[in-house]
Structures are given as C-alpha cells and as structure tokens.
Amino acid sequence: MQAACDDHGIELRPHIKTHKMVPVARMQLEAGARGLTCAKIGEAEAMLPSGVRSLFIAHSLVDPAQGRRLAALAEQLDDLRVAVTSEVHVDALARVAQASGRALSVMMAIDSGLGREGVRSAAAAERTASALTKYPQLRLSGFYTHEGFFYGLPPAEQTAKARVLLDHLIAVRNAVDSKLPLWPGCSVTAKLLTSMAPGVVQAVRPGSYVFGDLSLCATTGIMERNEVALHVLATVVDKPEPGLALIDAGSKTFSSDKTAEGVSALAADGRDIKVVRVNEEHGYLRGSEVDALKIGERLVLIPAHVCTVVNLTDRVVVTSGSQVTDTWNVDARGRVQ
Ligand SMILES: Cc1ncc(COP(=O)(O)O)c(C=O)c1O
C-alpha cells in the first residue's frame, strides 16, 4: 500500500481501527505513512507512543467534556484534524473546540453512497462551510469520504464507480473551495484511486488492508486468502453429530460480523471447513471435511471481519513460519470513547 502511494505521490494515512497496536502503527509510519487516522480520541491517545505526529479523528465529536483530552492530544502532535460531518454537527463541534481552548483543523465528510455521515450534496457542503465561518476556531482544511459500499463491488465494476466517486467528490469540494484537499480511500479503493487520481487525491486512509480478511477476499477480489496476515487459532472441542464440529471460539472471538454468505470464518489451509453459526463461546463448523477433524485439533481460521476480531482480544501472537517471534498488546482495545 505504501509503495502504491509513493509511486503516485499520495499520502498514506492508515486507519488504525483494524490493528489498534502501537508496533503496527510504528511499522506503518516507518514505511512512510504521513499520519494516522482514528475513529475515537481514545484510539488516538493509545497510538501516541508510535511517534505519530499527524492524526485525523474521523468521527463526529460532540461532547464538550472531551475538549480537554483533545487539547492534550493536540499538544503532543504537529497536526490534529477533526471531522465535521453535517451542517447540524457544526454547532456541537464548535462547543467541543471551545472547551478545548484551541483552534481546530476540520475535514468535512462527504457522503459518497454509504449513507452514513457526510454532506449529501454540493449545496449542503456550501451551507456547512458557511456555518463553519461563524466559528473562527474551526478552520476548514479539506474533505474526506468513506466509500464502504465498494465492499459489494466486483473488480469489473470498481474503476467506473471510482470515476463517479471522484467526480462527485470534486464537484462537492469545488462548490466550496477547489484548492482544498480530498482524502478518500478505503482498502478496496485506495490503490485504484492512487493510480487514477494523482494530483486530485492528496491522501488515502485504508484500514483493513493491513491484515486482510474474508471481506477483502470475497466480492472485491482485493486480496487472496493466502495473503491474509491475521488468523484465529481455535480448538475443536466436540463432534456432537455427523457433519458438525464445535470449536471454542464464538461471537466473543469473531464478533457477530459475517460474510455476505453468512460465514464467520474459513479454514486458512483451504479445507472445506467453515464457521456457519456462533454462540458466545462456541463456533459451529460445517463443510465436507468436518468429519475428518479430531477433538483437540487446532484450526487456523480466517475471520470474516478482522477489525472486530482484533478488538475482542488483549494480545496477538506474532509468527514467522512456524516460529513465534513476539506477542503484541492490542493497545487501543475497547478504546471506544
Ligand atoms: C472514516 C473511515 N475511514 C477509513 C476507514 C477504513 O476502511 P477500510 O477498513 O475498509 O480500509 C473506515 C472504515 O470503517 C472509516 O469508517
């Protein structure tokens, strides 16, 4: 990812929500990432030991009680940016800025089809920008979007949809100020956008690319299963009937997130074994190779959605081949505020 960005002179500002680990953030920065993206102030605080100097908190901050933490964070950085996510969000953000006692650089969210945060039109962007001018402590510094709906698009449709995405972002941005930077780019689109839009896109903010998961291997074809770096090691604990085995990992390991086919995880070695249902501490295995499993056998599984899996564990074990080389704490685990 860093090489793709470097090739086209685009900044990489990875979202740390996927790994939440200082050693991984450090590696991203050492490889050349220009800064980090976080969803929450707590995540940002947890990443400070990585040596990060530039951070973007891509969420709707509304609580003035967070002002002091924001100020403390800003003091330890060269560049802290926050998000304004709609016209009605402006006043609430201004109260947070006032409580922080600082001027804040603000990135305006543009909804590009996900239907979550972000201005819905060029007119809404103009109104939001004009509402910001009421508050001298809020300085509009650019635009961002999270185009998460690309996870449902096969490779053949991605380039055309990326063109539509870019045209939309440019039109909305130009309605406000054509000189302000654009920061789109999730794990599905980031490489495509770097090649399509040098000079248009300033930065991309992918998250889950860092480890990969079944979502990135499915419809989008962004990754192959053998490229996924994070696995769940689970143990077969029972075989209560033919065609069914149970493992000691359920929704408290995989979360409730599943692939579009309803699968929580798949065997990483390619055997036809899938986690088709989860209770809190049980996973239900089905597939043609389930009956050959033995009780006590360890299974290496690729999860459907890596970000929620990492957030459910205290530590990850780092391996190289069959050797354990390290153990890393999930530093920002549970830092949801
Ligand atoms: C605001 C924002 N930026 C970036 C990302 C990273 O997306 P991905 O993990 O698909 O690369 C997300 C993911 O949810 C997000 O919400």
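A. Representation of the overall build of the protein within the structure. Broken down by element type, the protein carries 11 helices and 16 strands. By the compact-globule yardstick of 20 Å for 337 residues, the protein fits well, its C-alpha radius of gyration being 21 Å. Counting only C-alpha atoms, the protein reaches 65 × 45 × 35 Å along its principal axes. Per-residue burial over the protein gives 52% buried out of 337 residues. Pairs at least 24 residues apart make up 65% of the contacts formed inside the protein by residues separated by at least 6 positions. Computing the positive centroid from 36 side-chain charges and the negative centroid from 37, the protein places the two 4 Å apart.

B. Region of interest: the sheet that holds strand β7 (residues 182-183). The strand order β2-β3-β4-β5-β6-β7 describes an open sheet built from six strands, whose pairing is parallel. Of all strands in the sheet, those with a lone pairing partner are β2 (36-38) and β7, marking the two edges. Examined bridge by bridge, strand β3 (residues 54-57) and strand β4 (residues 79-84) share four bridges and lie parallel to one another. Counterpart to Ser54 in the pairing with β4 is Asp79.

C. Inspection of helix α4 (residues 67-75) at higher detail. Taken together, the buried positions of α4 are Gly67, Leu70, Ala71, Leu73 and Ala74. Viewed along the axis of α4, the buried residues span an arc of 160°, placing them on a single side of the element. Facing away from the buried surface of α4 by more than 90 degrees, the exposed residues are Arg68 and Glu75. Against α3 (41-47), β3, β4, α5 (90-100) and β5 (104-109) lie the buried residues of α4.

D. Examining the site of the ligand more closely. Around the ligand sit His15, Lys17, Ala58, Arg116, His146, Tyr151, Cys186, Ser187, Arg205, Pro206, Gly207 and Ser208, and that is every residue in its neighbourhood. At a separation of 3.3 Å, an oxygen atom of the ligand approaches a polar side-chain atom of Lys17. With respect to the ligand, the side chain of Arg205 contributes an N or O atom lying 2.8 Å from a nitrogen atom. Placement of the ligand is best described as lying within the second largest pocket. Split into classes, the residues belonging to the shell around the ligand amount to four nonpolar, five polar and three charged.

E. Layout of the sheet that holds strand β12 (residues 274-278). The strand order around the closed barrel built from six strands is β9-β10-β13-β12-β11-β14, with neighbouring strands paired in antiparallel fashion. Averaged over all pairs of adjacent strands, the angle between their axes in this sheet comes to 45°, without regard to strand direction. By the bridge criterion, four bridges tie strand β9 (residues 232-241) to strand β14 (residues 298-303) in an arrangement that is antiparallel. The residue of β14 that forms the bridge with Val232 is Leu301.

Basis of the calculations
- Residues numbered from 1 in each chain as written.
- Predicted model: local features only at pLDDT ≥ 70, side-chain atom pairs only at ≥ 80, totals over all residues.
- Heavy atoms only, no water.
- Helix = DSSP H or I, 4+ residues; strand = E, 2+ residues; numbered from the N terminus.
- Rg over C-alpha atoms; globule rule 2.2 N^0.38 Å.
- Buried < 20%, exposed > 50% of the residue type's maximum accessible area, 1.4 Å probe, protein only.
- Contact = heavy atoms within 4.5 Å.
- Lys, Arg positive; Asp, Glu negative; His and termini not counted.
- Charge placed at Lys NZ, Arg CZ, Asp CG, Glu CD.
- Pairing = 2+ DSSP bridges.
- Arc of directions from axis to C-beta.
- Near = heavy atom within 4 Å.
- Polar contact = N/O pair within 3.5 Å; in protein donor to acceptor, adjacent residues only side chain to side chain.
- 1 Å grid on protein atoms, 1.4 Å probe; cavity = no way out; pocket = protein on both sides within 12 Å on 5 of 7 lines; lining within 4 Å.
- Sits in = over half its atoms within 2 Å of the grid points.
- Nonpolar A, V, L, I, M, F, W, Y, C, P; charged D, E, K, R; others polar.
- Axes fitted to C-alpha atoms, helices over the stretch in contact; angles between N-to-C directions.

Function cannot be inferred from these measures alone, as they are strictly geometric.
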